[in-house]
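One-letter residues, chain by chain:
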Amino acid sequence: MFSDLVQRDRCGRYLGGRHHGGRHHGGRHHGGKSRSAAKSRSWSQLMISLAICLLLAPLAQATWQDPLNTPAMPTQLAHKELLLDVVRADQRLVAVGAHGHVIYSDDNGRSWQQGQVPVKVTLTAVHFSSGKYGWAVGHDGVILHTDDGGANWIKQFEGFRANDAIVAAARELKTKREAALAQAEASGDDVAIEEAEIQLENATFALEDALYDQETGSTKPFLDVWFYDARRGFAVGAYGMAFYTADGGQTWSDISARIPNPGRMHLNAIVPVGGMALTVVGEAGTLVRSDDLGANWRAMLAPYEGSLFGLVSKDDQQWLFGLRGHVFHSTDAGISWRELSTGSEQTLLGGVSSADRTVLVGNGGSVVMLAHRGEKIRSIIIEGRKAYAGVAQTSEGGFVLVGENGVKRLSASGELLDTSISMAAGE
Amino acid sequence: MSEQKHYFDSEPEHYILSPDTEPMLERFLFGNRPVVLVLLALLTALFAYGLTKVKLDSSIEKYIPLNHEYIQNYLVHKDDMKSGVANVKIAVEAVNGDIFTKDYMETLSKINDEVFFIPGVDRSGMQSLWTPNTRWTEVTEQGFQGGPVIPSTYDGSEQSLEQVRQNVLKSGQVGRLVSNDFKSSIIDVPLVEYDPETGEKLSYQQFSHDLEQKIRSQFGGDDYRIYITGTPKKLGDLLDGAGQIAFFFLAAMIATAVLLYLYSRCPKGTVVPIIASLIAVVWQLGALALLGFSIDLYSVLVPFLVFAIGISHGVQIINGIAIESGKGANREQAARQAFRGLYVPGMLALMSDAIGFLTLLFIDIGVIQELAISASVGVAMIIVTNLVLLPIVMSYLGISRSGVRHAEKTERADPVLWRFVSQFANRKVAPVPIVIAAVMAVIGFQVSQDLKIGDLDKGAPELRADSRYNLDNDFMVSNYSTSSDVLVVMVETPLEQCNDYKVMDAIDRFMWHMENVPGVQSTVSLVSVSKLVTKAMNEGNLNWSALSRNQTILNTSIQRAPSGLINPDCSMAPVIIYLNDHKAETLETAVAAVEEFKAQYDDHVEQKYFEMRIPQIEEAIANGEIDSVPVRFQLASGNAGIEAATNQVIAEAQHTMLIFVYVVVFVLCFITFRSFTAVACIIIPLALTSVLSQALMTYLGIGVKVATLPVIALGVGIGVDYGIYIYNRLEVMIIAGKNMQEAFLETLKSTGKAVSFTGITLALGVGTWMLSPIKFQADMGILLTFMFLWNMLGALVLLPALATFLLRPERMRARHRARHGDVPPAG
């Protein structure tokens, strides 16, 4: 009996699937220690202990595993469940959403199949640099990668590692700011000292928050992902989180310090705006731009103080959209903006541009269609008034919308296609 | 074996107790008739006093299997989940147009005010478009904005109606308070179970009547229709329906009296059995009331049964007395002879009934167990009232001359019908019914393989599909995004830990697991609220519709969760699973899916860890006793959960019960008749009826449920009476030296006539139940009618056919001579 108990106890620790938690500041520890302990053991050791555990002590323990280590459940309902983004990779449509769902369709959204995903966390965004290579990001700071067009995914990054990186970066930044303050004090310039003090204060808060997250195992969601090619890519997210990779996602580094975002606002979307230029939009009118593929960023004057959820760019035209149906149009590649009247007060969350029109989707079933030439604006409400978060154009010219209740299809002119949408049985 | 004493010039062929005690009983009863009558009168007075204590019981708990694991789990959290039970929804539909008209809003406001003042309404919890707790919210650049759906500036103008329409859309109440087609809206009315002023328990029946009078008749009409659903309303309707049973009882009694007079042509022979049977009913009701039992929707049917069985035995006695009188016996002798000839089969039959009913105790559901006890007590009363009181009274009154003449006439007469039926005791004809019975048994068995457990109809199964309540329920289900079939799984954690991230994530998985199960429509829990609020706190951005690992965010997100989704000390969070229907298969699939999930995710740690507080839990985790906050998923509550438990209890009990009923009948018959062949003749027709009634249930789509399971026991118990009487008489005739067919013809003319009379009379009596507005009473009526008739046919057709091949008349006569010498059998 006793040996049983001992064994049972060790199983929990070896497998590291369960986290020893405790309450702290109303938060929860999320066993970074037990995880790294498991990691440091060799594979064979792990397999042996796994075998022993399976043999000896299965009864007392439930097998709750961290969502980051739990594969998405096979389902035939993913196309009706919450989906948050959809993109086209060559002819294929790929959508991501709740419960670690990644589904893809090769017939313009009529029938879908589920990809194999190693996590069950909610995925918020997906991007393909080519037909084969794609990345998906989501809650708990997860970054997934596929090299077969979306059928199989591996986990490249997760929130606990993000926390470690953020803490390291925050420490570095704080040191830098301390040095800057020392320098300013040495110079005796009062304005510079005050500025440096504020900067240091912000950096101190950022480090405190990062440490809190690290200690309690809180994670932050990524909200968008974009890759320039198969190696260089960005993932942005909540509270100003921003990561960059130059090796196709093998390693990710925190670049949030490069982005002018003192309030650590949510970064909702990252969008290429031609050549090496990038724009990131976010909470409370956050609008930043880089012209050198993310090496340097500058804050832009946003035409609106409310939150921005996305930007659609087509040649030198841009459409910026956000809270309560606000849409701004630029014909000079984002230098000047003019507000468009869409006739809708529903928050717009996603958009896509086709050859002759831009389609924006959002809460309350709202779809706004904007003609590229001329001023024609069409606002429609999709029956059921469910929220939509993403839209992509099909190879037939129609549109596929995803949101609260899964997939919907629209014709090129914006009519709801009531053809049935199906999903193949998962494996 | 010592020489048997012979006390009389005839004696029963068999004894239940011993050859000495039973004649002694007869001598005592008939030797002290005044004393016996006075004793019985005193008893009747006592039980009549008991009648004043009879009370109706409307508690819901008696209808559910209280000892079932699911129900035990539910009872632990009963108080936390009370809010959802006593709740009524009133939908007001605009027949022409939609709800956004001045007139509709005015009417709704009036109804709202009227409902507000109905006693029993929990006024603070009421919700409708007109109550201030119905609000809209939206996210703006400055944060949240909101207000009541009907603004304070509302004046009925087009603009303000448009304002209401916009607010309704923003409120998220479409599908909840406002129907999906905007043609109706709901007033949600929670009830207080006890009157805060008087402390009295709320009468659902009175509340239901109030709703009908003050709301439906006053406001319902051509322009507006009113629909009312909710458990209290259903109970009110059921109790109203139960009241109609009294009329059925009266109708059955009058029909019986008329038929009995036509049968006996003797006023005394008509009135006395009816009065004796009514006395049995008084005894049964009074005795149980004195013992503290109350009447419910099932036991209200027992007086019927007692009356019917009483008449059935009374007719046999009257029949026997008439025959003896016809032979020239005086009043006392005739009564005594009839008693001697019939008390053994009568006792045997009634004991089989009583013990057969007691097998219902195997079903661990309050109403069925009380039904078992009250039916058994009732049948035991009949032994006294109809086998003792009736012949003693008749020994004073005697059968009237017209009755004796009628009995003589029918006995002498040679009706074609009985001639024809007696053919079944002919060796050439007998194989026909046997083969037909065998074929029917095989087919019936095949058909009954599809017999389902549980309720098969949608809506409230207790009421008819076309009842007002079920029509209202249909309206709600088809126009609002709700289902009336709800399975609730209670997620248990230690105190204050229901919002732990691991727990919330496990609930999240569980919900998605269940949503993938066929028959599940949707699920709701604390996790749904958390995701919704987290999203709302992030400007309504759908990307945030997920659980946060940040405990502070998690806590904030459920701060305002409805009380029905979290208990006050955060140790239990129910997951509400909406099902397509409550068919047994749907329930089984859903419950199996829950069990599957439990098997993987329940923490099987000792109970003590669930009772620990946060510091102790942390200590236990630190010590390595447990790995994390324990969690377990407990089945079940909600109507579907309770029904799933009930179905399980019934599925387990139904075979046990059937086996025991047959064992009881077998043992009692064997002890009495001491012959396997006799027992076979009696039991095989019964078994055929059991098989065929199951096939009938399959055919009619009636499931095995709380209401129909007792019928199986009742059917066997009552059916055996016929076989026993027929066999008893047949045996007497065989011993008298007649050949099989002649013996059976004689049996038919006397006992057979009585059996067919009672079979038809009783079938008519219980047949009236089919008119009951209560579905399960109607189902019971159908099945009992079928069983009475079919058991009668079995005793009249299959029994003689079997007897023709199984009985050995020579051996029976030899045994009679050995035991009784020259004394002829009584009867």
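Residues numbered from 1 in each chain as written. Chains lettered and ligands numbered in written order. Predicted model: local features only at pLDDT ≥ 70, side-chain atom pairs only at ≥ 80, totals over all residues.

**Here we look at the packing of helix H2 (residues 33-51) of chain B against helix H9 (residues 267-290) of chain B**
When two helices pack together, their arrangement is given by the angle between the helix axes and by the axis-to-axis distance.
All names here are of chain B.
Consideration 1: Contact pair H2 / H9: the axes reach a minimum separation of 7 Å and the direction vectors enclose 60°. In terms of orientation, H2 lies oblique with respect to H9. Between H2 and H9 lies a crossing whose hand is left-handed. Mapping the contact onto sequence places Thr 44, Phe 47, Ala 48, Tyr 49, Gly 50 and Leu 51 in H2 and Ile 279, Val 282, Trp 283, Leu 285, Gly 286, Ala 287, Ala 289 and Leu 290 in H9.
Consideration 2: In terms of residue class, the contact of H2 with H9 is made up of 11 nonpolar, three polar and no charged. (Axes fitted to C-alpha atoms, helices over the stretch in contact; angles between N-to-C directions. Helix = DSSP H or I, 4+ residues; strand = E, 2+ residues; numbered from the N terminus. Parallel < 35°, antiparallel > 145°, perpendicular 65-115°, else oblique. Left-handed = near helix turned anticlockwise from the far one by under 90°. Contact = placed C-beta atoms within 7 Å. Nonpolar A, V, L, I, M, F, W, Y, C, P; charged D, E, K, R; others polar.)

**Re helix H27 (residues 775-806) of chain B**
Consideration 1: Bending of H27(B) peaks at approximately 35° at the position of Ala795(B).
Consideration 2: With 26 of its 32 residues buried, H27(B) lies for the most part within the structure. (Bend = angle between axes of the 7 residues up to and from the residue. Buried ≥ 20, exposed ≤ 12 C-beta atoms within 10 Å, placed from the backbone.)

**Structural notes on the packing of helix H11 (residues 331-358) of chain B against helix H25 (residues 709-735) of chain B**
Residues and elements named next belong to chain B.
Consideration 1: One can describe the packing of H11 onto H25 by two numbers: an axis separation of 8 Å at closest approach and a directional angle of 165°. It follows that H11 is roughly antiparallel to H25 by the angle criterion. With respect to the hand of their crossing, H11 and H25 are arranged in right-handed fashion. Two secondary-structure elements touch here, H11 through Pro 345, Leu 348, Ala 349, Ser 352, Asp 353, Gly 356 and Phe 357 and H25 through Ala 713, Leu 714, Val 716, Gly 717, Ile 718, Val 720, Asp 721, Ile 724, Tyr 725 and Asn 728.
Consideration 2: Tallied by class, the residues present in the contact of H11 with H25 amount to 11 nonpolar, four polar and two charged.

**Details of the sheet that holds strand S15 (residues 267-272) of chain A**
All names here are of chain A.
Consideration 1: What the four strands build is an open sheet, ordered S15-S16-S17-S18; its pairing is antiparallel. Whereas interior strands pair on both sides, the edge strands pair on one side only; in this sheet they are S15 and strand S18 (298-299).
Consideration 2: Both strand S17 (residues 286-290) and S18 contribute to a ladder of two bridges, which runs antiparallel. Counted as the bridge partner of Val 288 is Ala 299 from S18. (Pairing = 2+ DSSP bridges.)

**A look at the domain arrangement of chain B**
The accessible area lost on association of the parts is a frequent measure of interface size.
Consideration 1: On domain assignment, one finds that chain B holds domain 1 (21-59 + 241-449 + 675-820), domain 2 (91-192 + 203-229) and domain 3 (485-643).
Consideration 2: Domain 1 of chain B and domain 2 of chain B are separated by 57 Å when their C-alpha centres are compared. (Domains from an automatic or database assignment.)

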